Amino acid sequence: MPPRSVSFRKSMISFPYISYHIMREIEICNDDFCNCAIIVSIKQLGDVAMRFRLVAFADEAAPDLAGQIEAMQENGVELLEIRGVDGQNIDGISATKAKVIRKMLGFSGLAVWSLGSPFGKIGINDDFAPHLDSFKHSLELADILGAKHICLFYGTSDIDPVLERLNAFIEAAKGTDIVLCHENEKGIYGDTAAKCLEIYKALPQLRAVFDPANFIQCGQDTIEAWESSRPMLSIC
């Protein structure tokens with residue numbers, strides 16, 4: 001029976017021209033590229049091949065944690081972007097459950113890289129206060145789970161309320177070691193490279209999530225997007 005599939009995070013870039021471009025850049029800088037989750041090393045195999053450090057969503061393989069662990073082990077993936085467990089979004093679980101999750105993952109040789117959060121996925125006119133409270137709870141969960149990243153969004157045609165709400169997340173995270181990462185996505189303000197760059201310039205505390213498929217859906221040239229977001233990248 002073939003292994004159940006997990007949904008790889010944007011760390012697994014499948015477009016050959018993007019992969020080549022990244023490899024060229026890494027050969028030049030020869031470093032832990034922008035603190036990205038993806039790159040461990042490069043080696044020559046005919047052309048150039050890369051070895052990735054993969055982060056996966058596992059809730060598409062199984063809704064329960066045991067099934068997610070099994071799927072990750074079957075696929076040889078050690079890092080999890082935890083999003084849903086036992087029918088709950090990650091922001092809805094208790095601190096006690098988070099401690100159990102970390103123990104189960106640790107027993108299995110797995111770890112949480114980031115929280116695949118729903119933060120920013122509400123209407124711009126929706127009540128923000130309970131959303132912010134949920135975010136603050138997720139900061140506690142991230143600490144318990146050992147995650148160092150939380151992904152964020154926000155959608156509107158006007159940048160001012162986007163920056164206001166993203167800055168509220170930043171303020172709430174002060175004093176923690178959690179890295180807040182803004183992800184480009186169709187249907188939000190940060191859907192193109194230019195708009196993402198506008199956000200990063202206004203809020204330099206944010207890091208970037210580079211999602212090439214989402215950029216393509218918006219008609220954005222991915223190489224251009226890569227070049228503009230590369231200095232801010234944390235997850236690819």
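1. Looking at helix α5 (residues 159-173)
Over its 15 residues, α5 runs 21 Å from end to end, which matches the ideal 21 Å to within 8%, given 1.5 Å per residue. The inward-facing, buried residues of α5 contact α4 (129-145), β9 (149-152), β10 (179-183) and α6 (193-202). For α5, the N-terminal cap is D158; the gap from its side-chain oxygen to the backbone nitrogen of D160 is 3.2 Å.

2. Focus on empty space enclosed by the protein
Summed over the entire model, instances satisfying the criterion amount to 1 cavity of 30 Å³ or more. Of the volumes computed, that of the largest cavity is approximately 30 Å³. Taken together, N184, C196, Y200, A208, V209, F210, F215 and S229 make up the lining of the largest cavity. Elements with a minimum of two residues in the lining of the largest cavity: α6 and β11 (207-209). Residue classes in the lining of the largest cavity are distributed as 6 nonpolar, 2 polar and no charged.

3. Details of the pairing of strand β8 (residues 111-115)
Burial analysis of β8 places 4 of its 5 residues in the buried class, the great majority of the element. Bridge count between β8 and β9: 2 bridges; the pairing is parallel. Bridged to L115 within β9 is I150.

4. Brief notes about the packing of helix α3 (residues 95-107) against α4
Here α3 crosses α4 at 25 degrees, and the two axes come no closer than 9 Å. With respect to α4, the element α3 is oriented roughly parallel. The element α3 and its partner α4 pack so that their crossing is right-handed. From α3, A95, A98, K99, I101 and R102 reach across to α4, where they touch H137, E140, L141, D143, I144 and L145. For the contact of α3 with α4, the residue count by class is 6 nonpolar, 1 polar and 4 charged.

5. Some words on the environment of K97
Its place among the elements puts K97 in helix α3. In this structure, the C-alpha to C-alpha distance between K97 and I144, residues 47 residues apart in sequence, is 9.8 Å. Beyond its immediate chain neighbours, meaning those up to four positions away, K97 contacts V85, D86 and Q88.

6. A look at the pairing of β9
Neither face of β9 is left uncovered, since the one carrying H149 and C151 and the one carrying I150 and L152 both have all their residues buried. Once you follow β9 into α5 and on to β10, the crossover reads as right-handed.

7. Topic: the nonpolar core
Formed by 55 residues in total, the largest nonpolar core has its most connected members in I150, F169 and L180. Setting aside anything within four residues of it in sequence, one finds L180 in contact with F135, I150, L152, F169, I170, A173, Q205, L206 and R207.

8. A closer look at the confidence of the model for the protein
As a note on interpretation, predicted positions should not be read in detail where pLDDT is low. Summing up the model confidence of the protein, the mean pLDDT is 80 and the portion of residues at 70 or higher is 77%. At the low end of the mean pLDDT range in the protein sits strand β2 (residues 39-45), at 32; at the high end sits α3, at 97.

9. Brief notes about the pattern of salt bridges
This structure, assessed with the given rule, holds 8 salt bridges. Close ionic contact of E60 with R83 constitutes a salt bridge, the shortest N to O distance being 2.9 Å. Residue E60 is found in the loop between β4 (55-57) and α2 (65-75), and its partner R83 is found in the loop between β5 (79-82) and β6 (84-85); the two are separated by 23 residues along the sequence. In this structure, D191 and K195 form a salt bridge, with 3.9 Å as the shortest nitrogen-oxygen distance. Judged by its relative accessible area of 15%, D191 is buried. Given the relative accessible area of 30%, K195 is considered partly exposed.

Conventions adopted
- Residues numbered from 1 in each chain as written.
- Predicted model: local features only at pLDDT ≥ 70, side-chain atom pairs only at ≥ 80, totals over all residues.
- Heavy atoms only, no water.
- Helix = DSSP H or I, 4+ residues; strand = E, 2+ residues; numbered from the N terminus.
- Expected span 1.5 Å × (residues − 1).
- Contact = heavy atoms within 4.5 Å.
- Polar contact = N/O pair within 3.5 Å; in protein donor to acceptor, adjacent residues only side chain to side chain.
- 1 Å grid on protein atoms, 1.4 Å probe; cavity = no way out; pocket = protein on both sides within 12 Å on 5 of 7 lines; lining within 4 Å.
- Points joined across faces, edges and corners; volume = space filled by probe spheres on them.
- Nonpolar A, V, L, I, M, F, W, Y, C, P; charged D, E, K, R; others polar.
- Buried < 20%, exposed > 50% of the residue type's maximum accessible area, 1.4 Å probe, protein only.
- Pairing = 2+ DSSP bridges.
- Axes fitted to C-alpha atoms, helices over the stretch in contact; angles between N-to-C directions.
- Parallel < 35°, antiparallel > 145°, perpendicular 65-115°, else oblique.
- Left-handed = near helix turned anticlockwise from the far one by under 90°.
- Right-handed = clockwise from strand over helix to strand, strands pointing away.
- Core = buried A, V, L, I, M, F, W, Y, C linked by side-chain atoms within 4.5 Å.
- pLDDT = per-residue confidence, 0-100.
- Salt bridge = Lys/Arg side-chain N within 4 Å of Asp/Glu carboxyl O.

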